[in-house]
Structure formats: structure tokens, C-alpha cells
Amino acid sequence: MIVMVSAWISCLDKRPCDRTGEDLDIIYSRLKDIKVFEKFHPMLLQQICYYGYYEDLEKGVTLFRQGDIGTNWYTVLSGSLEVQISESGDLADSVTLCNLGPGTSFGESVLTNRPRHATIITRDYTELIRVEQKDFKVLWERNKQIMESVITPIAALPGGSGSRSSTETPSSDKRRLSSKVPAEELPNPAAPITQVPSDRLAHAGHVLRTVLLARAPHMIRDRKFHLRTYRRCMVGTEMVDWVLQHSGLVHSRAQAVGMWQALVEEGVIVHVCHEHQFKDKYLFYRFHEDDEGVSTVPSSAVKRECEDELPDVFLLLAQIGPDAVMRMILRKPSHERTSEDLETIYEELLHIKALSHLSTMVKRELASVLVFESHAKSGTVLFNQGDEGKSWYIILKGSVNVVIYGKGVVCTLHEGDDFGKLALVNDAPRAATIVLRDDNCHFLRVDKDDFNRILRDVEANTVRLKEHGQDVLVLEKIPSNTQSADGTVQAHYKYSVMAGTPEKMLEHLLESRLDNKNETEIDGFLEDFLLTHVIYMPCNHLCPVLLSHYHSSTADGSESEGYEFMLNHKKCVLHFVQEWSIIVGLPFREDHTINAFLEELHSCVVGDIQDYPGLRDDIKHLEAILNSQSGSPGNKSKKRSSGTFTFSRKHSKDCFQDTPKKRKTLKPADETIFKVYCADHSYTTLKLPLETRVEQLLSATMEKQGLGDDLILCEVKSTGERLIFKENDLCVTTGLSINGRLFVTPKEHLDALTPLPEQEGPSESSFSQIESFSSREMAYHMTLHDWELFTCLQEYELIYQVFGRYKFGKITANLDMFLRRFNELQFWVVTEMVMAANLSKRVSLLRKFIKLAAHCKEFRNLNSFFAIVMGLSNIAVSRLSQTWEKLPGKFKKMFADFETLMDPSRNHRVYRLSVAKMQPPIIPFMPLLMKDMTFTHEGNKTYFDGLVNFEKMHMIAQTLKTVRFCRSSQLDLEAPVTLKSSETAEYVRDLKVIDNQRRLTQLSHKLEPRKT
């Protein structure tokens, strides 16, 4: 027991920055068993383990005197202390106020630097936990609510008065601390972020005020509250109600709040006392004109004009409302942010380039301390070279110039970039001057104290495993509480892998994440490892390491312990292989390296079965996996993510008996026809595997055509653009643009290559065919086709595409085909619209495409939905004003709703929230998933100091998990009963399009020439 006590005390004697994860565990295991800490929240106690120091004092020692400036906060472990107060300040006439026993916490005056209210003297041998002032402020800021219940304000003790009111609490100390900050330095969250409203929002305010006066004049009136009259104002709750009643775009009160807040933050609408942002409460707001007393009564003509413009105003506000809500949250003081607010900020931080390399824990910490800052005028100097570094900035909107004395502008930073961090890390002066390039720049700011605290917390919660003096595994220690059967809360830690060598991460996974029960940790490390191992530990590296682990033995311990050790290692490897086969599926079954490994592993298990009978169940699973490797159909159905679709039984099979046969996944060895053209448009055809590299394709072409050496292979697009392939490129046919063709030529003759006539696309519209098909039927067959394409692609293909397939020697043919389909649909919509010479036909097509998009959305085919809507948003279609004017209002409103869902602001937040509410099967908007993968890859290093950056792997795996979630259920659609089912299916699977944007725009101008 003495050894244990000395261990935790010696750990507390270390400086916080020197304490290891093991030290913190020792301290925590001791403190949580001490009765006085029962009332401390586990999260608070864990932080005290990091910041606290141990002190023991003999009887009669004065801890501090009345009038001293406080430097520490204390908690009593054992013993007692006497509290003495003197009216005169002289110790001679002091009186004993009370005694402080075990469990008492005191010294909170360090928050405000106010003098101590009393003298504290030990009555007997006393043990204390001491927290220094700067650290206690951090504890208080982070745990204010839970700390108020454990602090004992001396002035509030029974009989205590002193110089402090007995009603004061640490909260009032904190408020007093805040009150020392000059009022002008405390930003008012309700103040506008611009000096003058933008034209579009000023006009939106004018339209809303005019329509309100016309439709609901009772909403804008004089109101009385607490004997005071507020002129021409509205109530927040009534304003939200009115928007919900009059706009079909608005589906929730929160959405309406964001729309009004967009007007508040630019000063178009103001709180009557200029104290509140927009809230769905009984608060008074009024338009700027009414607030200034310069309002006018609109005429009848103005009212009619504003009534017509109201839908456009609602659409504008619905689009910018989410961003306004985000800024509203960021402008709140940290202590006013709710858990929902923090989650909203955290989700936003996931998509900021400057923060992409940070761990999840750091992003969550930042969510609570980030401050919104805006500047109205370009040319504003944010800080000067040589200034003290006080903050780190991230650009949300606008751009800044970086200026260095003697060099001028050295670079320009844009949205998503950050600056100012180096001065905080090194505690050095600013290395450059930052000058705003644009008006109305917005920033996220992290102040120095918060920045340093987060760095300390990160280091305190980082566990590093070293071998030969080098880091081999870095773990993040995450506090987690569980409730036991008796209702008590048990605190423990969960460890998340941040970085490591591939071998050590695998060892950690096998030894700590896989046991005999085959359970995995909540953080999904096993699944993330298996989904991303091809990046840092390919199969030819992974398989030998697994075999080595299977055969590992120990020379330590008894014979029985050695037996158990080896049996456990063998079972862990076998469990790992089981999970590998289930999670990865088809690529696992078809990999030659894995097949050879499984055969060898099976031989090893057969040889060990006599000595280790505990492996009998495991060998059955292994043999089942081996059978599936040989193509046993019975085992193929065990794949977790279904790649099939079924037809509804509500109709007979006659409706779809002629439906084209279901696609099969394209494999590297599958042969395909390579059609290679020369400059004179002659061509040769070659039948080669998909995995054929460009150098092999060139060699085969030269041999067949009898061409000379020094040739290059390129794609010639319908626009005339030429794209040269590298010799190590592979699977080039599936990656061609829609009407692209392969050409071979000497490099010096590249400019002589011209597109084939057939690459121009169709010369006439297929209007009559489209009109003969029902919209629902077309959407149905589109969805079936898209589902086949989507389920054929393998998740690893996303990795190969983003990281470079030539690095892996793998094809991405299935992904190429799915991405190509999106472009095909988009250009098909534009092609048909500009090929329809008759205005009435164009209007009819426009209605058809909007209905088609609506049905695709209903079928959760978001890939086709986005392709169709983006096709209608193409400049060649959107400029057809005569066509859009003839479109019925109902369809205009539908299309406006679609555009809202497509809003790209805040990284497509509206779309992401919509998808989050859907259940599979879903065909997702694939280009956005590829954008997420690319952003993750380019914004994060794969290796840090020779260690795999597994935070990056977590993010990549998250995108892959999204793909598998979307297809985790079978597609079961009700087949429409029509006589043209096979004809419709054939049409939507073979669309003829023009993919030359220049030609599409020219055709559009012929239909409706530009007005002079």
C-alpha cells in the first residue's frame, strides 16, 4: 500500500507536461477511490489528475493570509484547516469562522485576482491537491457547471461575511472578471457584420416588409412591454410562423430562423434594443427603416411588384440561411453554446482545409472556443509584422495578402487557408503583416490561451509507444464513462489509433481488438484498417506479417502460459481473416496473393490441430472461406453488402421479361475491344485485357499496324482537346470522356489530330421517343441501370482513383463507368433541350425532365437526380428565358426546391442532411463522394515521421462506409405496367449526347438569340 501511495504522489510531483499516460492512470486509479472525490464528476477528476499537485502540511502552517492575492486553488484530501477572518486585517483580532474538512474545495478567488477573504491555517497534518491559477482558469472555463457544485466559497460559509457578500458565488467572480474587459472589446453578437447591407438583402428586406404590410399589417405595430412602448415592431415567433405559412421551401422553424437571421446579421432587421440575434421567442424586431423612423407606406404598384418577387426572396434566404445560422452560433460566447451548437460547428470544421489534419478530439475542442470575426473594408490591417502573436486565423470568406517588409506581397491566402499559428507555437513575433484584399472578409479565430490549452490537452491525452527510441504507435486517450448495473458511473479510457507503423498497428489490432469473442472496439479500427490497408500495407506485405504472428511464441512464463499465448495468437489471426473476408468481400476472394496465403494458413492450422484442439471451430470457418475463393455460389451470398436488385412481386414478370441482362463486375482480366485511330481516321481493333498498360497497348498497335517507334497514345475529345496518356496508365478505355476516342501518333504530329465526325453526337432530337415514355417508367429503368453500375463498383476503386491507379497497378473500370453515367445523363438533358427547335416542345421537355428528376429523387436515385437538375442548370438551358417563362408555376417551384437541395454552400450541407435522413438503398451523388475522398487525400499527409497517419485513414474509410451503407439493402422497386418497358430500358441505357459545351451553347443561341 505504501508503494502505491508513493507512486501516485511521485506522479503528481511531476510537471503536467512531463506526466505520461501511465502516470495519469496511476493518479486517477488512486483519486477515484478516495471518498472525498465521490462528488467530483469523472471528467473533472481526470483533468485534475493532469493539472493537480500533491501537498502535505504539518499542523499550524499558514496556507495563505487574508488580503493575499491568490495563486492556487485547493481540495482537502485529509486533515482539517481553520478559517480565520479579521475585520481590521490584523491577525491579533481575528476570529475563527469555521473549519474545512476532507472534500472541501476552496480558493476560487484566483479567477478574479481578488485578495483572499480569510486566513487559512492547518489544524493538524493535512493533505491537499493544489491547482495553479492559470490551470484552474482552464478547468473552470471547461467545467463551470459541474465545478460550482464542489467549490466552497469561504464568504458563503455559515456565519461568514467578511468583505464579500454571502450571496456571491464563483459565477459572480467570473462575471466580475469579465466586467474588467472594456465594453468596447466585447463584441455584440447582435451587431451587424457589415457596415451597409448588401443590395440583394436590402432588396429582400424591402420585399418582405412590403408584403407583410399588404398581407399581415397587424404583425408590424406598436407594442408595449414592461411599461415601455416599442414602435412598429414584430414578434420573433410570429415572424417564424408567417414564413412557414407562406413558403413551401421552408420545412422547419430552425430553417425559418436562419432566413430571418440572414437579414439580422446585415442590419436589414434589428432587435429593438440591439441586444439579440434572431430567436424564435417573444422578442421584438423591426425593419431598419422603422428603426430609423424613415419608413414609408408602399403604393399598390410596389405591393404587386413585391408580391411577384416574394418567391425569389424566399429562395434566396433559404439558400443563405444555413450559413447565417452557423455565423450566429460562432458569434455566441463560448459558455452560451449548446451541445447542438457544438455539434453543428464540429460538422463544419470537418470540411475546412486548414483543419483537415487535426484529430477528432482537437476539432471538438476547437468547436467550443472558435470565435467569428469579420472586417468590412479591404485594406484593413489585421496585424503587423513584429506584433505579439495573440490569435490563429482561418479564412471563411474573402482573401488576404501576406506582406513582409522589404519584399512586399509574398503570397495571397484564400478561403480555407489559415495563418498566424506559427507565432503561437513558437511564442514569437508575427513574421508578416496581414492585409485584407476584399470587403466583408470573415474569419474563424482561436485565441492564444485556448490554443495553448488545447495543445496541452492533446499532449496529455496522447500515448506514444517507442521501440529503439522511435515512435512506432501513437494512441489518443479518450475518456469514456459507462453506467454499471447498480447505477454508478464508471470512468475508463478508450484508445483510438492516430498513427503508427503498419506492423505495429496490425499487432495492436490483433492483440487488443480481437479476442476469443471476436469483438471489436467502438471506433471501428478493424474495419477502417481493412478498408484502407491497400494504401500502406498491401497484401504482399500484410499476409507474411499475419503468418509470422500466427507462428509467434514466447520464451517467458510457464508452459501453460506459453500454450495459452500461442493459442490466442493463432485464434486472433484466424478471426482477423474471417473479418477480412466479410468486410472486403469480392476483392478478398479474387486476390491471388490472398489465395496463396489462405492455402498456406490452412496447412499450418491442419498441422496444429492435434496440439491445439481449440482451433477446430476456426478451421471450419477457414475452409468455408477457401471454398468461397474457388467460386462456390453458396458462399457468395454471405457478402454483407448486397449487390443485387429485385423486382416487386406486385406485377407479373411479363412486364420486364425483355429487360437487358444484369451487368457483371468488370475485372482486370476481362477482355475488351481497344479501338485505336490514326491521324487519317483509319483504325485498328485490339482485343486485350482491361488491365493492359499504355506501353503494352502501344506495342500491340505498332506491331499490328506496322508503325514506327516513338509513338504516343492520347484521347481526342469531341471539343478537339488532346489528352496524352503516360506509359504506366492502365484501363484507359473506361476513363474516356463520353464521345472521346483513342488515337496513336508521333508526338510531333499531335496537333494534326482532329475529332471524328461521329464524335459530334446526334444531329436530331429524340423528342418523340421521350414523349412516348412515361416519366416514372424512365426513372424506374434509369434507377435499375444506375443501381447495377453502383453495385458493380468495388470500394477499393475509390482509393485507386484518388491515389493514382498506376501506383497500385489496379483498374477502376466499374467506378469509371458509374462516373461516366453521371456526365452522360447531364449532357443528355442539355442535348435534348437545345435540339428541340419548337418552343412548345422545349417547354414539354422541360416539364418532362423536372418530373423525371422528381421520380429519381423519390426512388432515392440521387446520382441521376443531380445529373438531370445540373443539366437543366447548364448555361445552354438556363439562358432559354422564353422557354422558362412558359413553364407552369408548379414546375418552377419544383425546380426551385431541387436547386435548394443542390445548394453547394457549407460543403453541400443541405444535401448531406437530407441523405442522413434516408434509409438504404440509396444511389448517392457520386461526384461529391469523390470530392470528399480527394479533399481528404490532398489535405492530409499519408505519413508523418515515417508513421502512417491513421486519422487520414479514418476519414477515407468513412467515405467507403458511406458507399457500403447506401447499398446495404436490396433495391426493390414497383415495376410500372406499360407496353414499352423493354423499349424504355433500351433507350435509357444507350443515350446519345453532345458533350461539347461550345456546340451546345451555339445551338442554344440559335434557338433564342441574345437580346441586343
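It should be noted that the structure appears before, not after, this text.
Now for a description of the structure that goes with this document. Starting afresh in each chain, residues are numbered from 1 along the sequence in its written order. It should be noted that, the model being predicted, local features are given only for residues of pLDDT at least 70 and side-chain atom pairs only at 80 or more, the latter also being counted only at that level, while totals for whole chains, interfaces and linings use all residues. Remark: hydrogens and water are excluded; side-chain values derive from all non-hydrogen atoms of the structure.

**With respect to helix α30 (residues 862–873)**
- Spanning twelve residues, α30 covers 16 Å between terminal C-alpha atoms, matching the ideal 16 Å at 1.5 Å per step.
- A simple rule labels every residue: compare its accessible area, found with a 1.4 Å probe on the protein chains alone, to the largest value its type can have, and call it buried under 20%, exposed over 50%, or partly exposed in between. Only runs of H or I of at least four residues qualify as helices and only runs of E of at least two qualify as strands under DSSP, and these elements are numbered from the N terminus. Of all twelve residues in α30, ten are buried; the element is thus mostly enclosed.
- Every buried residue belonging to α30 is among L862, N863, S864, F865, F866, A867, I868, V869, G871 and L872, and all of these are buried. The length a helix should cover is 1.5 Å for every residue beyond the first.

**Here we look at the packing of aromatic side chains**
- The rule is short: rings of Phe, Tyr and Trp, with Trp giving its six-membered ring, pair when the centres are within 6.5 Å, and they are stacked under 30 degrees, edge-to-face over 60, tilted in between. Per the counting criterion, the structure on display carries 44 aromatic pairs.
- Between W242 and F314 the ring centres are 6.0 Å apart and the planes differ by 50°, which places this aromatic pair in the tilted class. In this pair, W242 sits in helix α7 (residues 236–246) while F314 sits in helix α10 (residues 300–330), placing the two residues 72 residues apart along the sequence.
- Taking the relative accessible area as the measure of exposure, W242 reaches 3% and is therefore buried.
- Centre to centre, the rings of F278 and Y285 are 4.9 Å apart; their planes meet at 35°, and the pair counts as tilted.
- On the basis of relative accessibility, which here comes to 1%, the residue F278 falls in the buried class.
- With relative accessibility at 0%, the residue Y285 sits in the buried group.

**Comments concerning the packing of α30 against helix α33 (residues 889–901)**
- Think of each axis as a best-fit line through the C-alpha atoms, taken over the contacting stretch in the case of a helix, with angles from 0 to 180 degrees between the N-to-C directions. With their axes 11 Å apart at the nearest point, α30 and α33 run at an angle of 110° to one another. One way to sum up the angle between α30 and α33 is to call them roughly perpendicular. Between α30 and α33 the crossing geometry is left-handed. Contact residues: α30 offers F865, F866, V869, L872 and S873, while α33 offers F895, F898, E899 and L901.
- The residue inventory of the contact of α30 with α33, partitioned by class, reads seven nonpolar, one polar and one charged. Our angle categories are set so that under 35 degrees counts as roughly parallel, over 145 as roughly antiparallel, 65 to 115 as roughly perpendicular, and the remainder as oblique. By definition, turning the near helix anticlockwise from the far helix through less than a right angle yields a left-handed crossing, and turning it clockwise yields a right-handed one. Pairs of residues are marked as contacts when any of their non-hydrogen atoms sit within 4.5 Å. Note that Gly is not counted as nonpolar here; it falls among the polar residues with everything else outside the nonpolar set of Ala, Val, Leu, Ile, Met, Phe, Trp, Tyr, Cys and Pro and the charged set of Asp, Glu, Lys and Arg.

**Some remarks on unusual backbone geometry**
- Of note, the amide linkage connecting P920 to P921 takes the cis form, showing an omega dihedral of 5°.
- Looking at the secondary structure, you find P921 in the loop between α34 (905–916) and α35 (926–939).
- Even without a glycine there, the phi angle at H274 is positive, about 55°.
- Mapping H274 onto the fold places it in the loop between β11 (269–271) and β12 (284–287).

**A closer look at the layout of surface pockets**
- Cavities and pockets were defined on a 1 Å grid built from protein atoms only: a cavity is a group of points that admits a 1.4 Å probe but offers it no way out, a pocket is an open group of points flanked by protein on both sides within 12 Å along at least five of seven lines, and a lining residue is one with an atom within 4 Å of any such point. Grid points are joined across faces, edges and corners, and a volume is the space filled by probe spheres set on the points. Here the second largest pocket defines a volume of roughly 1200 Å³.
- What lines the second largest pocket is a set of 37 residues, among which L350, H351, Q958, T959 and T962 lie closest to the centre.
- When contributions to the lining of the second largest pocket are tallied by element, the ones reaching two or more residues are α11 (339–349), α12 (360–369), β22 (470–483), β23 (489–500), α34, α35 and α36 (950–966).
- Among the elements that take part in the lining of the second largest pocket, α36 stands out by supplying nine residues, more than any other.
- In terms of residue class, the lining of the second largest pocket is built from 16 nonpolar, eight polar and 13 charged.

**Some points on the nonpolar core**
- For this analysis, a nonpolar core means a set of buried residues of the types Ala, Val, Leu, Ile, Met, Phe, Trp, Tyr and Cys, connected via side-chain atoms within 4.5 Å. Ranked by internal contacts, the top residues of the largest apolar core, which has 132 residues, are F529, F576, W580, L601 and W828.
- The dominant element in this core, judged by the number of residues it contributes, is helix α28 (residues 813–835), at twelve residues.
- Not counting the four nearest positions on each side in its chain, L601 is found in contact with L547, Y550, V573, L574, V577 and L622.
- Formed by 41 residues, the second largest nonpolar core is a distinct cluster that contains V257, V264, L283 and F314.

**Here we look at the side chain of S86**
- The residue S86 is located in the loop between β4 (81–85) and β5 (95–100) in this model.
- For S86, a relative accessible area of 5% gives the class buried.
- Leave out the neighbours within four places in its chain, and S86 touches Q66, D93 and S94.

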